Amino acid sequence: MADPEIKHTEGDSGGVFHTTIDGHKAEMTYSKAGATVMIIDHTGVPEALGGQGIGLKLVEAGIAHARERGLKIMPLCPFAKAQFEKHPEWKDVLR
């Protein structure tokens, strides 16, 4: 499968990274904590898209966003937290 197109929508208090594949929407939401911290609070991947690495791609998009803007990430979502534990190379953005 080709890499999914990850889109980003951002508002004053947070945002969402999302993709839709074959009519199924996957997303990772975050809240802003001040000007320098994003809190990943939810990653949702429908069962139909499970096992394809979509959740990981969403978290990676969030990490790229944080690096581009000099932000730190607090992963409260259990999936995102587990991914941070598996990827020590992300420590530069971990709060």
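Before reading on, note that the structure itself is shown above.
Remember, it's a predicted structure, so these values are computed and weren't measured experimentally.

A. Quick peek at the sheet that holds strand β5 (residues 72-75). Here five strands make up an open sheet; going across it, the order is β1-β2-β3-β4-β5 and the pairing mixed. Every other strand in the sheet has two partners, leaving β1 (7-10) and β5 as the edge strands with one partner each. Along the sheet, successive strands turn relative to each other by an average axial angle of 25°, direction set aside. Pairing analysis gives seven bridges linking strand β3 (residues 24-33) to strand β4 (residues 37-44), with the strands arranged antiparallel. Along β4, the bridge assignment pairs Tyr-30 with Ile-40. Packing against the sheet, helix α1 (residues 54-69) makes contact with β1, β2 (14-21), β3, β4 and β5, and its axis sits at approximately 140° to β2. On the sheet, helix α2 (residues 78-86) packs against β4 and β5 and is oriented at approximately 120° with respect to β5.

B. Structural detail: the side chain of Thr-19. Assignment of secondary structure puts Thr-19 in strand β2. Overall, Thr-19 belongs to the buried group, its relative accessible area being 3%. Within the local environment of Thr-19, its side chain forms a polar contact with the backbone oxygen of Glu-5, the two atoms lying 2.8 Å apart.

C. Layout of the packing of aromatic side chains. Per the stated rule, a full pass over the model turns up two aromatic pairs. Geometrically, the ring pair formed by Phe-17 and Tyr-30 is tilted, given 5.8 Å between the ring centres and 35° between the ring planes. Of this pair, Phe-17 sits in strand β2 while Tyr-30 sits in strand β3, and the two are 13 residues apart along the sequence. The pair formed by Phe-17 and Tyr-30 is uniform in burial state, with each residue classed as buried. Relative to Trp-90, the ring of Phe-84 has its centre 5.3 Å away and its plane inclined at 75°; by these criteria the two rings are edge-to-face. Each member of the pair, Phe-84 as well as Trp-90, carries the same accessibility label: buried.

Conventions and cut-offs
- Residues numbered from 1 in each chain as written.
- Predicted model: local features only at pLDDT ≥ 70, side-chain atom pairs only at ≥ 80, totals over all residues.
- Heavy atoms only, no water.
- Pairing = 2+ DSSP bridges.
- Helix = DSSP H or I, 4+ residues; strand = E, 2+ residues; numbered from the N terminus.
- Axes fitted to C-alpha atoms, helices over the stretch in contact; angles between N-to-C directions.
- Contact = heavy atoms within 4.5 Å.
- Buried < 20%, exposed > 50% of the residue type's maximum accessible area, 1.4 Å probe, protein only.
- Polar contact = N/O pair within 3.5 Å; in protein donor to acceptor, adjacent residues only side chain to side chain.
- Phe/Tyr/Trp six-rings, centres within 6.5 Å; stacked < 30°, edge-to-face > 60°.

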